[in-house]
Amino acid sequence: MSLSALREAETSRITAACLRCGACFAACPMVPFAPGAEGAAGGAVVEGVLDLLNGGPGDEASRGWVAACTRSGSCNAACPEAVNPMLMLRLAKWRANETGALPKRDARDAMARVKAFARLTMTEEEQARWL
């Protein structure tokens, strides 16, 4: 089975199995860090994530939650239907990046920090060769 066929099969399975109860959202430690998600109704946010998963635009809270996911796995234990919400969020983020629902990340500022931290662990010779 190809990767795209597997993704489509998982998308269909998740969409059909999810109760949209919001238990995964309630269990997520990243909700306070997801733009627009804090204070949102869990079921509505999950509905937005499913919209993203299926190629739609989602809403601010669902896009924020998908972008903030760190794959802690707290959501999986909370799901009453064993949907694997962590995979749901991962696939939704993948689709949202493809459709443009999530804006491209500008990593120019981050790269300067990465290089600064790298210098702390590299010898001068390694710095000259890699940076």
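Notes on the structure in this doc start here. (Residues numbered from 1 in each chain as written. Predicted model: local features only at pLDDT ≥ 70, side-chain atom pairs only at ≥ 80, totals over all residues. Heavy atoms only, no water.)

All right, on to helix α4 (residues 60–68) then. Taken together, the buried positions of α4 are Ala61, Ser62, Gly64, Trp65, Val66 and Ala68. As for α4, its buried residues are in contact with α2 (23–27), α3 (42–53) and α6 (85–99). (Buried < 20%, exposed > 50% of the residue type's maximum accessible area, 1.4 Å probe, protein only. Helix = DSSP H or I, 4+ residues; strand = E, 2+ residues; numbered from the N terminus. Contact = heavy atoms within 4.5 Å.)

Right, let's talk about the pattern of salt bridges for a bit. Counting across every chain of the model gives five salt bridges. Taking the shortest distance from any N to any O, the salt bridge between Arg7 and Glu98 comes out at 3.0 Å. Taken together, the residues span a long stretch of sequence, with Arg7 in helix α1 (residues 3–17) and Glu98 in helix α6 at a distance of 91 residues. Assessed through its relative accessible area of 11%, Arg7 is described here as buried. Residue classification places Glu98 among the partly exposed positions, given a relative accessible area of 46%. A salt bridge links Arg95 to Glu8; the nearest nitrogen and oxygen atoms lie 2.6 Å apart. You can see Arg95 sitting in helix α6 and its partner Glu8 sitting in helix α1, a full 87 residues away along the chain. (Salt bridge = Lys/Arg side-chain N within 4 Å of Asp/Glu carboxyl O.)

With that out of the way, let us pick up the nonpolar core. Within soluble globular proteins, side chains that are nonpolar generally end up buried alongside one another. Counting residues in each nonpolar core, the largest one holds 30 residues, and the members touching the most others are Val46, Trp65 and Met88. Looking at this core, the elements that each hand over two or more residues are α2, α3, α4 and α6. Once you skip the residues sitting within four places of it in the chain, Met88 turns out to touch Ile14, Cys24, Val46, Val49, Leu50 and Leu53. (Core = buried A, V, L, I, M, F, W, Y, C linked by side-chain atoms within 4.5 Å.)

Before going further, it helps to spend a moment on α3. If you check α3, its first and last C-alpha atoms are 16 Å apart, about what 12 residues at 1.5 Å a residue would give, namely 16 Å. Of the residues making up α3, those classed as buried are Gly42, Val45, Val46, Gly48, Val49, Leu50, Leu52 and Leu53. Where α3 is buried, its residues meet α1, α2, α4 and α6. Phi turns positive one or two residues past the end of α3, at Gly55, with a value near 95°. (Expected span 1.5 Å × (residues − 1).)

Moving on to unusual backbone geometry. For Ala82, which is not glycine, the phi torsion reads 50° and is therefore positive. Structurally, Ala82 is set in the loop between α5 (74–78) and α6. Take Ala82: its relative accessible area is 60%, and that puts it in the exposed class. Notably, Asn84 is not glycine yet its phi reads approximately 75°, a positive angle. On the secondary structure map, Asn84 appears in the loop between α5 and α6.

Moving on to the packing of α4 against α6. Two numbers describe how α4 lies on α6: the axes approach to 9 Å, and their chain directions differ by 105°. Regarding the angle of α4 to α6, the classification is roughly perpendicular. Along the contact surface, α4 presents Trp65, Val66 and Ala67, while α6 presents Leu89, Ala92 and Lys93. In the contact of α4 with α6, the residues fall into five nonpolar, no polar and one charged. (Axes fitted to C-alpha atoms, helices over the stretch in contact; angles between N-to-C directions. Parallel < 35°, antiparallel > 145°, perpendicular 65-115°, else oblique. Nonpolar A, V, L, I, M, F, W, Y, C, P; charged D, E, K, R; others polar.)

This next bit is on a nonpolar patch on the surface. Among the surface-exposed residues, Met1, Leu3, Leu6 and Trp94 lie close enough to one another that they form a single nonpolar patch of about 470 Å² accessible area. With respect to the helices and strands, Trp94 occurs in helix α6. (Patch = residues over 30% accessible without salt bridge, like charges linked within 9 Å, V, L, I, M, F, W, Y side chains within 5 Å. Areas by Shrake-Rupley, 256 points an atom, 1.4 Å probe, with all protein chains shown as cover.)

Any link to function would need more than the numbers given here.
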